Amino acid sequence: DRGDCLKRKERYWVKSHGMTHTRIYRIWRDMRSRCNNPKAHNYKDYGGRGITICKDWLDDFITFYHWAGTTGYQCNLSLDRIDNDGDYEPGNCRWVDKSVQNMNRRTRNPSGLIGICLHSSGKFWYGRIKVNGKCVYTGKSEDRLEAARMRDNYIILHGLKNRLNEVLE
């Protein structure tokens with residue numbers, strides 16, 4: 001029956017946003033998968049650690065899409081959580097380039113601090129960040145917290161988007 005076919009077609013267009021094959025849709029879909037699908041290869045690092053997605057974004061791509069459009073989404077940027085242990089929600093997410101994203105990774109760092117490394121001599125700690133794809137060293141100290149303070153101060157002084165350790169005094 002022609003009428004039934006038209007009704008199905010109308011329902012499809014009402015539900016569909018026509019963006020299933022876009023990069024922004026893949027970002028939203030992948031965010032949902034890593035938080036909600038125990039079979040996803042990276043679930044253990046997201047949903048398995050208790051990372052969730054805010055109610056507004058969970059099942060509503062269009063709401064996420066509008067947020068992205070008003071917060072600086074560009075094709076060369078990726079979705080980043082400001083607090084790596086926080087959820088996917090508007091107040092904890094931003095769009096960043098690859099160098100910032102790489103510095104925010106959780107690593108098995110003996111300092112326990114972001115961007116703070118023990119020199120191979122074992123005699124001092126040093127801070128480092130990536131800026132425009134290049135590694136910048138922010139100072140060294142025998143005290144790992146002092147090295148973290150120098151790194152945080154460098155980021156603040158230069159207005160960078162790199163994640164802070166928040167050990168400033």
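Residues numbered from 1 in each chain as written. Predicted model: local features only at pLDDT ≥ 70, side-chain atom pairs only at ≥ 80, totals over all residues. Heavy atoms only, no water.

Chemist: It is not clear to me how the environment of glutamate 89 should be interpreted in this structure. Could you clarify?
Modeler: Within the secondary structure, glutamate 89 sits in the loop between strand E1 (78-81) and strand E2 (93-96). Taking relative accessible area as the criterion, glutamate 89 reaches 34% and is therefore assigned partly exposed. Taking C-alpha positions, glutamate 89 is 8.4 Å from aspartate 56, a pair spaced 33 residues apart along the chain. Excluding residues that lie within four positions of it along the chain, glutamate 89 makes contacts with Cys54 and Trp57. (Helix = DSSP H or I, 4+ residues; strand = E, 2+ residues; numbered from the N terminus. Buried < 20%, exposed > 50% of the residue type's maximum accessible area, 1.4 Å probe, protein only. Contact = heavy atoms within 4.5 Å.)

Chemist: Looking at this structure, how should I read the environment of isoleucine 24?
Modeler: Tracing the sequence through the fold places isoleucine 24 in helix H2 (residues 23-36). Distance from isoleucine 24 to glycine 69, taken between C-alpha atoms, is 9.9 Å for residues 45 residues apart in sequence. Aside from chain neighbours lying at most four places away, what touches isoleucine 24 is Met19, Phe61, Phe64, Tyr65, Ala68, Tyr73 and Trp95.

Chemist: What exactly am I supposed to notice about the side chain of threonine 138 here?
Modeler: For threonine 138, the location among the structural elements is in strand E5 (residues 134-141). On the basis of relative accessibility, which here comes to 10%, the residue threonine 138 falls in the buried class.

Chemist: Even after reading the chapter, I still don't get the packing of aromatic side chains, so can you show me in this structure?
Modeler: In this description, an aromatic ring pair is defined by two values, namely the gap between the centres and the angle between the planes. For the structure on display, the rule yields twelve aromatic pairs. Aromatic side chains phenylalanine 61 and tyrosine 65 sit 5.8 Å apart centroid to centroid with 35° between the ring planes, which places their arrangement in the tilted category. One end of the pair is phenylalanine 61 and the other is tyrosine 65, both in helix H4 (residues 61-70) and four residues apart, which spans about a single turn. Grouped by ring-pair contacts, the aromatic residues Trp57, Phe64, Trp67, Tyr73 and Trp95 constitute a single cluster. The ring of tyrosine 46 has arginine 34 sitting right over it, with the charged end atom 5.2 Å from the ring centre. Against the face of phenylalanine 124 rests lysine 140, its NZ or CZ located 4.6 Å from the ring centre. (Phe/Tyr/Trp six-rings, centres within 6.5 Å; stacked < 30°, edge-to-face > 60°. Lys NZ or Arg CZ within 6 Å of the ring centre and 35° of its normal.)

Chemist: Just checking my understanding: could you explain the sheet that holds strand E3 (residues 116-118) for this structure?
Modeler: Backbone hydrogen bonds are what pair the strands of a sheet, in a parallel or an antiparallel way. In spatial order, the strands read E3-E4-E5; together these three strands make up an open sheet with antiparallel pairing. Because the sheet does not close on itself, it has two edges, and the strands there are E3 and E5. The average undirected angle you get between the axes of adjacent strands in this sheet is 35°. With three bridges joining them, E3 and strand E4 (residues 125-131) adopt antiparallel strand pairing. From the neighbouring strand, leucine 118 faces E4, where its bridge partner is tryptophan 125. (Pairing = 2+ DSSP bridges. Axes fitted to C-alpha atoms, helices over the stretch in contact; angles between N-to-C directions.)

Chemist: Quick question: what am I supposed to make of the nonpolar core here?
Modeler: Side chains that are nonpolar tend, in soluble globular proteins, to be buried together. By size, the foremost hydrophobic cluster in this structure holds 20 residues, and its most contacted members are Met31, Trp57, Phe64, Trp67, Leu79, Tyr88 and Trp95. At six residues, the largest contribution of residues to this core is made by H2. Contact partners of methionine 31, with chain neighbours within four places excluded, come to Ile53, Trp57, Phe64, Leu79 and Tyr88. Membership of the second largest hydrophobic core comes to six residues, among which are Leu113, Ile116, Trp125 and Val167. (Core = buried A, V, L, I, M, F, W, Y, C linked by side-chain atoms within 4.5 Å.)

Chemist: Looking at this model, I keep getting lost on the confidence of the model for the protein. Mind explaining?
Modeler: Interpreting fine coordinate detail is not advised for predicted regions of low pLDDT. Confidence in the prediction for the protein averages 84 pLDDT; 85% of positions are at 70 or higher. Predicted confidence is poor over residues 1-14, with pLDDT under 50, and the contacts of this stretch with residues over four places away or in other chains come to zero contacts. (pLDDT = per-residue confidence, 0-100.)

Chemist: Is there a simple way to think about the packing of H2 against H4 in this case?
Modeler: Each packed pair of helices is defined by two parameters, the angle between the axes and the distance between the axes. Across the interface, H2 lies against H4 with an axial gap of 10 Å and an inter-helix angle of 120°. The angle between the axes of H2 and H4 places the two elements in the oblique class. In terms of crossing hand, the pair formed by H2 and H4 is right-handed. Between H2, through Ile24, Tyr25, Ile27, Trp28 and Met31, and H4, the contact on the second element is made entirely by Phe61, Phe64, Tyr65 and Ala68. (Parallel < 35°, antiparallel > 145°, perpendicular 65-115°, else oblique. Left-handed = near helix turned anticlockwise from the far one by under 90°.)

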